[in-house]
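Descriptive analysis of the structure
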Amino acid sequence: MSILIRGGTVVNADHMVRADVYCADGAVRAVGDAIEAPSGARVIEADGLLVMPGGIDPHTHMELPFMGTVASEDFFTGTAAGFAGGTTSIIDFVIPGPQQNLMDAYRTWRGWAEKAAGDYGFHVAVTWWDETVHADMARLVHEEGVNSFKHFMAYKNAIMATDDILYQSFARALELGAMPTVHAENGELVFQLQQALVAQGVTGPEGHPRSRPPAVEGEAAQRAIRFAEVLGVPLYLVHVSTRDALEAITQARSRGQRVYGEVLAGHLLLDDSVYLNPDWETAAAHVMSPPFRPAEHRDALWRGLQSGNLQTTATDHCCFCAPQKAMGRDDFTRIPNGTAGIEDRMAVLWTHGVGSGRLTAQEFVAVTSANAAKLFNLYPRKGRVAEGADADIVLWDPAASKTISVATHHQNVDFNIFEGMTVTGLPAYTLSQGKVVYAQGQLDAVRGAGRYIKRPAFNRNIGFGGQA
Ligand code: URQ
Ligand code: ZN
Ligand code: ZN
């Protein structure tokens, strides 16, 4: 099946032009003026639509086993929901338990992801250290196309990477040409503050942000940045949520250090008042880490995105339904951490980014697709509408509007943190591998059609990390 997208405006991160786009055999074959539709080609009239690279969500946790339960969204339903929102690829996480062999964990996650509808890759978490981890990191890079390793500085007594692990793993990542990434919260501070709050009788969701004040993220961000600086390795900070961490990134970048930051759609739109909701279930539904913050942090994050000190947007899509969240009914530290977002990220960002004048359409493409592709070495196969690229394309209707609701979303979770938000700017069509998987409200995702995408290591000598 070949498709001619006729009369649209192609928007890449660096260029915007009215052009036709011809796709065949899963790839973009031509971009240009007045392309003749070969016989049998499906023609999609795209007048008034923006033809953009499919969104890349570099931070998801489909069917993650976590805090005594398993996330409700799996690789099929989650990538399908992504299609409905214009996202065509994800980078998820392999998270070995302490002492669990990294290759074994990787094989387990690869099995789970076989059902994916859309393309996917994996960051692999380093949660412990010994010679086997050192060796397995090389196998993952050289044999499996993993070029990024995650470090949770939070979650003490579970998956927390202590400073010795950070040092060993960052140094190994440098040797291998891989990008270290961090969840930057000081796990010891969180643990102690949680104990103190519970001892004072604070057991509700309002305790969650109090156990993770902004300084807890700021300290860890600065520490990870300094480790990376001393070791000479680039660093990517996931879900930056505070002005504190953003300032650490901004100062590092102004020193010429290769540090990159990711921001979640949720942290750009919500604030910590959600934890004061008198309805326990609603407040608990917003428990994720790092927590939603006071409004001044949200405003700083938008400035970080506009200034280029934050390069990517993501969702940390990690879904737990009300019965699962209720595991923490009597103790907020037991509420499974995570919220959804993969279906709404792009519409929310378009509405409050481009719609508000904060971002141009090209910057929107950069922060929803191209920059993640560059930083994780998927570009220009992904993140660009150009000849030879994968035909992962979203036809964006800047005039379309809807009100977000759990009643209508495709995500497999019973809550939506953007409930009731009216967004303007929606996908009219989504193509994955050159096939229409979403068309004007109709989702046609195919279980198992997604591919594992290898991401080559970086060449340390000519360009480590992306150029975002
Ligand atoms: O910390 C993460 O990114 C995972 C465990 C998802 N949960 C969350 O609250 N962010
Ligand atoms: Zn995290
Ligand atoms: Zn996460």
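The preceding data block contains the structure.
Residues numbered from 1 in each chain as written. Chains lettered and ligands numbered in written order. Predicted model: local features only at pLDDT ≥ 70, side-chain atom pairs only at ≥ 80, totals over all residues. Heavy atoms only, no water.

**Some points on the site of ligand 1**
Neighbouring residues of ligand 1: 13 residues in total, closest Tyr155, His183, Ser289, Asp316 and Asn337. For ligand 1, an oxygen atom lies 2.6 Å from a polar atom in the side chain of tyrosine 155. Protein burial of ligand 1: of its 280 Å² of free accessible surface, 100% is covered by the chains. A majority-of-atoms criterion places ligand 1 in the largest cavity. Residues belonging to the shell around ligand 1 are distributed by class as follows: 5 nonpolar, 7 polar and 1 charged. (Near = heavy atom within 4 Å. Polar contact = N/O pair within 3.5 Å; in protein donor to acceptor, adjacent residues only side chain to side chain. Areas by Shrake-Rupley, 256 points an atom, 1.4 Å probe, with all protein chains shown as cover. 1 Å grid on protein atoms, 1.4 Å probe; cavity = no way out; pocket = protein on both sides within 12 Å on 5 of 7 lines; lining within 4 Å. Sits in = over half its atoms within 2 Å of the grid points. Nonpolar A, V, L, I, M, F, W, Y, C, P; charged D, E, K, R; others polar.)

**Topic: the coordination of the zinc ion (ligand 3)**
In the first shell of the zinc ion (ligand 3), the protein supplies His59 (NE2), His61 (NE2) and Asp316 (OD), at 2.0 to 2.3 Å from the metal. Each of the 4 donor atoms bound to the zinc ion (ligand 3) contributes to angles spanning 86 to 131°, and the resulting shape is tetrahedral. Taken in sequence order, the residues that donate to the zinc ion (ligand 3) follow the motif H-x1-H-x254-D. The distance between the zinc ion (ligand 3) and the zinc ion (ligand 2) comes to 3.5 Å. Taken together, the positions of histidine 61 in the loop between β8 (55-57) and β9 (65-66) and aspartate 316 in the loop between β17 (312-314) and α12 (322-325) put the pair 255 residues apart, joining distant regions of the chain. (Donors = N, O, S within 2.8 Å, 3.2 Å for Na, K, Ca; no water. Tetrahedral: all angles 85-135°; square planar, octahedral: opposite > 155°, others 65-115°. Helix = DSSP H or I, 4+ residues; strand = E, 2+ residues; numbered from the N terminus.)

**A closer look at the coordination of the zinc ion (ligand 2)**
Coordination of the zinc ion (ligand 2) by the protein is provided by His183 (ND1) and His239 (NE2), with metal-donor distances spanning 2.1 Å. If you look at the zinc ion (ligand 2), its 4 donor atoms make angles of 56 to 145° with each other, and the shape they trace is irregular.

**A look at the sheet that holds strand β4 (residues 20-24)**
Paired through their backbone hydrogen bonds, the strands of a sheet run either parallel or antiparallel. Strand order in the open sheet made by the 4 strands is β5-β4-β1-β6, with mixed pairing throughout. Here the strands that pair on one side only, and so sit at the sheet edges, are β5 (27-32) and β6 (42-45). Ignoring which end each strand starts from, the neighbouring axes of this sheet average 20° apart. Sheet topology note: the strand β1 (residues 2-6)/β4 ladder contains 4 bridges and is antiparallel. From the neighbouring strand, isoleucine 3 faces β4, where its bridge partner is cysteine 23. (Pairing = 2+ DSSP bridges. Axes fitted to C-alpha atoms, helices over the stretch in contact; angles between N-to-C directions.)

**Observations regarding the nonpolar core**
The biggest cluster of nonpolar side chains holds 111 residues, and the ones touching the most others in it are Met52, Phe149, Phe170, Leu237 and Trp396. Tallying contributions element by element places helix α7 (residues 214-231) first for this core, with 7 residues. If we skip the residues at most four places from it in the chain, methionine 52 touches Val11, Trp350, Phe364, Val365, Val385, Asp392, Ile393, Val394 and Trp396. (Core = buried A, V, L, I, M, F, W, Y, C linked by side-chain atoms within 4.5 Å. Buried < 20%, exposed > 50% of the residue type's maximum accessible area, 1.4 Å probe, protein only. Contact = heavy atoms within 4.5 Å.)

**Some details on the pattern of salt bridges**
Counting across every chain of the model gives 23 salt bridges. The salt bridge partner of arginine 212 is glutamate 185, with a shortest N-O separation of 2.8 Å. Of this pair, arginine 212 sits in the loop between α6 (207-210) and α7 while glutamate 185 sits in the loop between β14 (179-183) and α5 (187-199), and the two are 27 residues apart along the sequence. Here the two residues arginine 212 and glutamate 185 agree in accessibility, since each one is buried. A single network of salt bridges, built from pairs that share partners, joins Asp119, Arg381, Lys382, Asp390, Asp392 and Arg451. (Salt bridge = Lys/Arg side-chain N within 4 Å of Asp/Glu carboxyl O.)

**With respect to the environment of tyrosine 167**
Position of tyrosine 167 relative to the elements: it lies in helix α4 (residues 163-176). The class for tyrosine 167 is partly exposed, based on a relative accessible area of 43%. Spatially, the C-alpha atoms of tyrosine 167 and alanine 228 are 8.5 Å apart, while their sequence positions differ by 61 residues. Leave out the neighbours within four places in its chain, and tyrosine 167 touches Phe227 and Leu231.

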